[in-house]
Amino acid sequence: MKKIFSVITILIMLAQNTYADNIYTSSTENIISDGITHTYTERLTDNGWQKINIIKAELSKDNVKIRVLYDKRGISYRNDLKSMVENSDALAAVNADFFDMTQAAGRTTPLGLTISNGEIISSPSFDTNLAALYETESGVFADYFNSKIYICADNGNKAEILHINKFHPTASIVMFTKDWGKYTDPVSDGSKDMVVENSTVKEIITNSQGTEIPENGYVLRVNPSINNFFDENFVVGDHAELSISITPDPKSIKNAVGGGTILVSNGKQAKFTSNIAGYNPRTAAGVSENGKTLYLVTVEGRESNTRGMTQYELADLMLEIGCYTAINFDGGGSTEMVAKNDKGAAEIINTPSEGKQRKISTALGVTSQGEKPIMSSLKLETSKETVFLGDYVDVWCYPKDNYGNPIDPSTQIYYYADDNGYFVENKYYPAKSGTRKITVVIGNVSESININVPEKIANLTFYPPFFSGNSASLSIVASDIYGNKSTIAPENINYKVVSGDATVSNGNVVCNGKTEISAEFGGKSAFCRGNYDYKSSGLIFDEMSSSVSEASFTVLPAMLNEDNLISLITNNMIRNKAAISPLCFSYSGIQNTVSVTDQYVSNSGVNSFIVLKNTNSSVISNGIEQWKNLVNIKNGSSKNVFILMTNGLDLADESEKRLFNNILKDIKDSNKNVFVIYTGDVCSSDNENGIRYLCLKYVPKILLSNFSESVKDAAYLKIYADENTVKYEFSSLAA
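What you see is a predicted model, and the numbers here were worked out from it, not measured in a lab.

**Observations regarding the overall build of the chain**
- Scanning the chain from N- to C-terminus turns up seven helices and 53 strands.
- By its C-alpha atoms, the chain is 110 × 60 × 50 Å across when sized along the principal axes.
- Out of the 735 residues in the chain, the part that is buried amounts to 54%.
- When contacts within the chain are restricted to residue pairs at least 6 apart in sequence, those whose partners lie at least 24 apart make up 64%.
- Total accessible area computed for the chain in this model is approximately 31500 Å², and 46% of it derives from carbon and sulfur atoms.
- In the chain, the 66 positive side-chain charges and the 83 negative ones have mean positions that sit 4 Å from each other.

So, in structure tokens, the structure goes:
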């Protein structure tokens, strides 16, 4: 696991959130540059997941600037957002305006206003229900624009220009500037192109096959059979003047992008001029009351595990994060966010709903630029959080300039350690346990981090502990008594072939038939079997693992019964085993026990119990209220929490996995002992950062003719738990 030291993780209980149907929220914040941050939020609600990405840019900082992005060939071309960011100095961006999707592949124009660096790239939409977000010296605002654009002849006649740089039938006059592309598109309907350069008509062309657009001018196009203004008022050499009237006045606007309805106005949800109904992926932008903090937002949707938002929910979200004004951008398959990483490479931040990037028209981005950039800080990253004596950790360094941008180091990188460790290139080898401080220096800039070095290894484990086939790639993980883990570098492990025809090199095994591999590190050994029918147990050394003579409760394994007679014998035997405790949980539906096949919650006294039903590798699909029950356990008075999973530990959705781990950590951090109990192929125990995972082996098929042999490898759990002590023991069913 990589540890990034500029990343802050925030876990928020949703009682603090304005959404009444929230169950849990987790957020991670990452600093992109000075004044620009990215926050990713996963929010579980009664209606499913909401996945939200927010770029926050402090425009009050002189170095933070807005960028309007479109394809480098011109505004008439579509491109994906990642390419737009790669071809610009923007550090982060979201898709912006709606666009015409009826044009040929790769071509389009935005529906609304586009202004970049004070220059009008495309005119406002004639649909006054579509707003634009714009920047002036005073801040960022949103409004609905109106425009009147005319071409004026010296004889006093004038004609309206419908659009600047938009695809439109040539029944009306349209205008193309150098921002359209190098040439106008070919026509064959009799339309005429009038080339104007420095306010002088240079050429009038019928059925142009692509008119070159002058740098200091424009091309006007119209079909003379419908509108004969060119022929009636101009010849080559005449003076031609533009009259442009746009409200609000664009003269003070530095940058602008079109969008849909205004979502938030004056700190309140606005009256929508249009509503794209339903739960959908969404993109929006907003600003604070002073117009100096910009928020770029995407919400994922149209996926089995992500519901998206309604437009009203999106407005509420923009208010929640601090927007005084906000506008809706194109959503659905267009919704996308891209940001540059510490190496300066553009990365897609969200998950586009169509499974790939959609080529779009415009985007709104932010950058961090200033005069005389110099290296001023270092960002450090390590290959793992914990390293054991005898192993190493990789340390990587990413230099940043005084505006937070990646920069190539001008001098050599130096790595320093205290007297209790040393570096070989960028690899740190600790020589003593404890918290070790290491320092990286480039020129006169330095940064330090702490590395956790446990005192000794409690357990050494193969991952996986067994395999099938003639080859496998094996990892070795060491852990201490507190559950701190670290994957050991293969070159530091002593591998041996214990039995079978096999070779092993750096954890890669090639074998022919059954084999057993051993690994030694730090005075501990681990074993892995390949192609055996019998799978060895994976019990670790744990200070809570001890003989239990009087159990507070027991847990019985899942059984595969052949017929009613065997079921009767097995149930009687198990019931006798369980009689030593007043409470018994059963994976086999045995009478007079709590069945671990459905939801169950007991959250009182010293011990709390909850059964999470995760059939089909999902808790949510079996009742989203189960997550509410687990969250509520944190606030209970119990000292010990026991979570029983009905179908192993498997959760197919990565968001549910993160949710489970976050809630477990919350419960543990509230000074409770946490145990997760489940069934699997072998009996095993594990300690992950102080959270115990106990696995009971499925009982193999029971044969009446050889009953004792059938249950010889079967075990059940005996657990003693009071306010001060917790002990557990795997006990044999055959004993």
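**Digging into unusual backbone geometry**
- Between Thr247 and Pro248 the backbone carries a cis peptide bond, its omega angle lying at -5°.
- Summarising the element assignment, Pro248 is placed in the loop between strand E18 (240–247) and strand E19 (255–258).
- The peptide bond linking Tyr463 to Pro464 adopts the cis configuration, its omega dihedral lying at -5°.
- Position of Pro464 among the secondary structure elements: in the loop between strand E35 (459–463) and strand E36 (466–467).
- Look at Asn531: it is not a glycine, yet its phi comes out positive at around 65°.
- Among the structural elements, Asn531 can be located in the loop between strand E42 (524–530) and strand E43 (553–556).
- Under the relative-accessibility criterion, Asn531 is labelled partly exposed at 23%.
- Phi is positive for Asn671, which is not a glycine, with a value near 70°.
- Position of Asn671 relative to the elements: it lies in the loop between helix H6 (654–669) and strand E49 (673–680).

**Here's the deal with a nonpolar patch on the surface**
- Judged by side-chain polarity, Ile481, Tyr482 and Phe541 come together as a nonpolar surface patch covering roughly 330 Å² of accessible area.
- Along the chain, the position of Tyr482 falls in the loop between strand E38 (475–479) and strand E39 (485–487).

**So, the nonpolar core**
- With 51 residues, the main nonpolar core has Val555, Trp627, Leu630, Ile643, Phe660 and Ile677 as its most contacted residues.
- What Ile643 contacts, discounting residues up to four positions off in sequence, is Ile610, Leu612, Leu630, Leu664, Val674, Phe675, Val676 and Ile677.
- Counting 29 residues, the second-largest nonpolar core is a separate cluster that includes Leu59, Ala96, Phe329 and Val366.

**Looking at the pattern of salt bridges**
- In this structure the tally under the stated criterion is 30 salt bridges.
- Salt-bridge contacts for Glu320 lead to Arg43; the nearest nitrogen and oxygen are separated by 2.9 Å. Note that Glu320 is positioned in helix H3 (residues 311–320) and Arg43 in strand E4 (residues 36–45), a separation of 277 residues in sequence.
- Taking the relative accessible area as the measure of exposure, Glu320 reaches 30% and is therefore partly exposed.
- The partner of Glu58 in a salt bridge is Lys56, with the nearest N and O atoms 3.9 Å apart.
- The class of Glu58 is partly exposed, set by a relative accessible area of 23%.
- Judged by relative accessible area, which is 33%, Lys56 ranks as partly exposed.

**So, the confidence of the model for the chain**
- Mean pLDDT over the chain: 90, with 93% of residues reaching 70 or higher.
- Contacts from residues 1–20, a stretch scored under 50 in pLDDT, to residues over four places away or in other chains number 59 contacts.

**Looking at the packing of helix H5 (residues 625–633) against H6**
- At a minimum axis distance of 9 Å, the contact between H5 and H6 shows a crossing angle of 20°. Classed by the angle they form, the pair H5 and H6 counts as roughly parallel. Between H5 and H6 lies a crossing of left-handed hand. Facing Trp627, Leu630, Val631 and Ile633 of H5, the residues of H6 in contact are Glu656, Leu659, Phe660, Ile663 and Ile667.
- Across the contact of H5 with H6, the residue classes tally to eight nonpolar, no polar and one charged.

**Regarding the packing of aromatic side chains**
- For the structure on display, the rule yields 21 aromatic pairs.
- For the pair Phe229 and Phe234, a centre-to-centre distance of 5.9 Å together with 70° between the ring planes defines the contact as edge-to-face. Neither Phe229 nor Phe234 differs from the other in exposure class; each is buried.
- Taken together, the ring pairs connect Phe553, Phe585, Tyr600, Phe609, Phe642, Phe675, Tyr728 and Phe730 into an aromatic cluster.
- Positioned above the aromatic ring of Tyr77, the side-chain terminus of Arg107 is 4.3 Å from the ring centre.

**Digging into the sheet that holds strand E33 (residues 434–442)**
- The three strands are arranged E30-E33-E34 in an open sheet whose pairing can be described as antiparallel. Edge positions in the sheet fall to strand E30 (413–417) and strand E34 (445–453), since each has one partner strand and no second. Within the sheet, the average angular offset between the axes of one strand and its neighbour, ignoring direction, is 20°.

**Description of the sheet that holds strand E11 (residues 139–144)**
- Strand order in this open sheet of five strands is E9-E8-E19-E10-E11, and the pairing throughout is antiparallel. The open sheet terminates on both sides in strands that have one partner only, identified here as strand E9 (119–122) and E11. Across the sheet, the axes of successive neighbouring strands diverge by a mean angle of 25°, strand direction being ignored.
- Taken together, the three bridges between strand E8 (residues 114–116) and E9 define a ladder with antiparallel strand orientation.

Rules used throughout
Residues numbered from 1 in each chain as written. Predicted model: local features only at pLDDT ≥ 70, side-chain atom pairs only at ≥ 80, totals over all residues. Heavy atoms only, no water. Helix = DSSP H or I, 4+ residues; strand = E, 2+ residues; numbered from the N terminus. Buried < 20%, exposed > 50% of the residue type's maximum accessible area, 1.4 Å probe, protein only. Contact = heavy atoms within 4.5 Å. Areas by Shrake-Rupley, 256 points an atom, 1.4 Å probe, with all protein chains shown as cover. Lys, Arg positive; Asp, Glu negative; His and termini not counted. Charge placed at Lys NZ, Arg CZ, Asp CG, Glu CD. Patch = residues over 30% accessible without salt bridge, like charges linked within 9 Å, V, L, I, M, F, W, Y side chains within 5 Å. Salt bridge = Lys/Arg side-chain N within 4 Å of Asp/Glu carboxyl O. Core = buried A, V, L, I, M, F, W, Y, C linked by side-chain atoms within 4.5 Å. pLDDT = per-residue confidence, 0-100. Axes fitted to C-alpha atoms, helices over the stretch in contact; angles between N-to-C directions. Parallel < 35°, antiparallel > 145°, perpendicular 65-115°, else oblique. Left-handed = near helix turned anticlockwise from the far one by under 90°. Nonpolar A, V, L, I, M, F, W, Y, C, P; charged D, E, K, R; others polar. Phe/Tyr/Trp six-rings, centres within 6.5 Å; stacked < 30°, edge-to-face > 60°. Lys NZ or Arg CZ within 6 Å of the ring centre and 35° of its normal. Pairing = 2+ DSSP bridges.

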